[in-house]
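This is what each chain is made of:
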Amino acid sequence: MTEYGSFPGARPRRLRTTPAMRRMVAETRLHPADLILPAFVREGISEPVEIGSMPGVVQHTRDTLKKAAVEALEAGVSGIMLFGVPEDAKKDALGTVGTDPDGILQVALRDVRAEVGDDLIVMSDLCLDEFTDHGHCGVLDAEGRVDNDATLERYAEMAQVQADAGAHVVGPSGMMDGQVGVIRDALDTIGKEDVSILAYTAKYSSAFYGPFREAVGSSLTGDRKTYQQDPANVRESLRELALDLEEGADMVMVKPAGPYLDILAKVAESVDVPVAAYQISGEYAMIEAAAQRGWIERDRAIMETLLGIKRAGANMILTYWATEVARGL
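Reading the values: rules and limits
Residues numbered from 1 in each chain as written. Predicted model: local features only at pLDDT ≥ 70, side-chain atom pairs only at ≥ 80, totals over all residues. Heavy atoms only, no water. Disulfide = S-S within 2.5 Å. Core = buried A, V, L, I, M, F, W, Y, C linked by side-chain atoms within 4.5 Å. Buried < 20%, exposed > 50% of the residue type's maximum accessible area, 1.4 Å probe, protein only. Contact = heavy atoms within 4.5 Å. Helix = DSSP H or I, 4+ residues; strand = E, 2+ residues; numbered from the N terminus. Expected span 1.5 Å × (residues − 1). Phe/Tyr/Trp six-rings, centres within 6.5 Å; stacked < 30°, edge-to-face > 60°. Lys NZ or Arg CZ within 6 Å of the ring centre and 35° of its normal. Salt bridge = Lys/Arg side-chain N within 4 Å of Asp/Glu carboxyl O. 1 Å grid on protein atoms, 1.4 Å probe; cavity = no way out; pocket = protein on both sides within 12 Å on 5 of 7 lines; lining within 4 Å. Points joined across faces, edges and corners; volume = space filled by probe spheres on them. Nonpolar A, V, L, I, M, F, W, Y, C, P; charged D, E, K, R; others polar. Axes fitted to C-alpha atoms, helices over the stretch in contact; angles between N-to-C directions. Parallel < 35°, antiparallel > 145°, perpendicular 65-115°, else oblique. Arc of directions from axis to C-beta.

### A look at the state of the cysteines
Applying the stated rule across the entire model yields zero disulfides. No disulfide involves cysteine 127; its sulfur sits 3.4 Å from the nearest other cysteine sulfur, which is in cysteine 137.

Below is the structure:
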């Protein structure tokens, strides 16, 4: 106590006194337009198939995918990122169905684009892993290693068929060296200069992808450590960032989101293009599983993780809760 007044004089708690006060001084705000919905569409099913490790998420039929896209649009979500799940019998070493104009992903892109037009940004995962019988993101050489340059040729073809099918944005996720430049050239060659590239710039080799592999019916044997980034590295992600921007990336992404908020913050501080973060399947599954057991408050945990991702610098967040959260906002 002093003659000048009580101690302490500075009382930050004054700005936390009521919900209205906290809302007024909030530094970070989440908006429906910040959100992108990842969605899976599976060939050869007549009803949606629940994904056991991702409660509340399904492999869609073509019809239910269109419905999900409309619901996302009505909720104010900005985009939908599509992943195709072909019949196992159609997988081969080259992922041929991934470049077939009548493959499940291309069909789904046409379906969704016809349903929502330009009102919802229709995005397409550009990778081979869903379509190869070995489950890797690229073409294998004679020794079973992913052949970077042979894979780029396949990515160029994928970009063109996805753009022709109506994708506003392609998202190359395979982490091949030079993929953004090759895809940009391939798109421009067929007059698709307006199709954007969302580069998976810092995609780490993560334990949190497990549920996703169930979602896409992955045939993976081995791991992806020779092309996805080592979780120990920071500078490497910034090098990848510089290369992607030089090659023409319109937007960049960090994946996963939660365990890599430091990377996300460094990327966001370094660029003048939009930055996305993907809250992946394992991040989703942990919260849902803990909430089912009564260990955490589900809705608060969801919002806290999304605010953390936004606070770290993401302009856009891919999350399986996109439509639900957007409705709540």
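### Quick notes on the nonpolar core
Among the nonpolar cores identified, the biggest contains 93 residues, and Ile80, Leu82 and Tyr155 are the most heavily contacted of them. The contacts of isoleucine 80, once residues within four sequence positions are left out, are Ile36, Leu37, Ala39, Leu65, Ala69, Val112, Leu120, Ile121, Val122 and Met123.

### Details of helix H3 (residues 104–116)
The end-to-end C-alpha separation of H3 is 18 Å, in line with the 18 Å expected for 13 residues at 1.5 Å each. Of the positions making up H3, those classed as buried are Ile104, Leu105, Gln106, Val107, Ala108, Leu109, Asp111, Val112 and Val116. Close packing links the buried residues of H3 with strand S1 (35–42), helix H2 (62–75), strand S4 (79–85), strand S5 (121–126) and helix H4 (148–165). Looking one or two places after H3, you find glycine 117, whose phi comes out positive at around 60°.

### Quick notes on the packing of aromatic side chains
One pass over the structure, following the stated rule, counts six aromatic pairs. Look at phenylalanine 40 and phenylalanine 83: their rings are 5.6 Å apart centre to centre, the planes differ by 40°, and that puts the pair in the tilted class. On the criterion of sequence distance, the pair formed by phenylalanine 40 in strand S1 and phenylalanine 83 in strand S4 is long-range, its members being 43 residues apart. Here phenylalanine 83 falls in the buried class, since its relative accessible area comes to 1%. Exposure remark for phenylalanine 40: the relative accessible area of 1% places this residue in the buried category. Members of the aromatic cluster, joined through ring pairs, are Phe40, Phe83, Tyr278, Tyr284, Tyr320 and Trp321. Here the basic side chain of lysine 203 rests over the ring of tyrosine 209, its NZ or CZ set 5.8 Å away from the ring centre. We note arginine 293 situated over the ring of tryptophan 295; from NZ or CZ to the ring centre the distance is 5.8 Å.

### A word on the pattern of salt bridges
Pairs may arise between side chains of opposite charge once their charged atoms sit close together. Taken as a whole, this structure holds 17 salt bridges when the rule is applied. In this structure, aspartate 118 and arginine 113 form a salt bridge, with 2.6 Å as the shortest nitrogen-oxygen distance. Note on aspartate 118: relative accessible area 54%, which makes it exposed. Because the salt bridges share partners, they merge into one network encompassing Glu288, Arg298, Asp299 and Glu324.

### As for the layout of surface pockets
Of the volumes computed, that of the largest pocket is approximately 430 Å³. Lining the largest pocket are 22 residues, with Leu37, Gly56, Val57, His60 and Tyr320 positioned closest to its centre. Those elements giving two or more residues to the lining of the largest pocket turn out to be S1, strand S3 (58–60), H2, helix H9 (281–292) and helix H11 (322–328). The residue makeup of the lining of the largest pocket, split by class, is eleven nonpolar, four polar and seven charged.

### Details of the environment of tyrosine 260
Looking at the element boundaries, tyrosine 260 is found in the loop between strand S8 (251–255) and helix H8 (261–270). Judged by its relative accessible area of 9%, tyrosine 260 is buried. Distance in space between the C-alpha atoms of tyrosine 260 and proline 231 is 8.6 Å, their sequence separation being 29 residues. What tyrosine 260 contacts, discounting residues up to four positions off in sequence, is Tyr204, Pro231 and Val254.

### Observations regarding the packing of H3 against H4
Relative orientation and spacing of two packed helices are given, respectively, by the angle between their axes and the distance between those axes. Viewed as axis vectors pointing N to C, H3 and H4 meet at an angle of 30°, and their least axial separation amounts to 8 Å. Here H3 lies roughly parallel to H4, going by the angle between them. Of the residues in H4, those in contact with Leu105, Gln106, Leu109 and Arg110 of H3 are Val161, Gln162 and Ala165. In terms of residue class, the contact of H3 with H4 is built from four nonpolar, two polar and one charged.

### A word on helix H7 (residues 235–247)
For H7, with 13 residues, the first-to-last C-alpha span of 19 Å sits near the 18 Å given by 1.5 Å per residue. For H7, the full list of buried residues reads Ser237, Glu240, Leu241 and Asp244. Along the axis of H7, the buried positions cluster into a sector of 105°, meaning they face one direction only. The exposed residues of H7 that point more than 90 degrees off its buried face are Arg235, Arg239 and Glu246. Looking at the buried residues of H7, the elements they touch are helix H5 (179–189), strand S7 (196–203), S8 and H8. Glycine 248, located one to two residues past H7, shows a positive phi value of around 110°.

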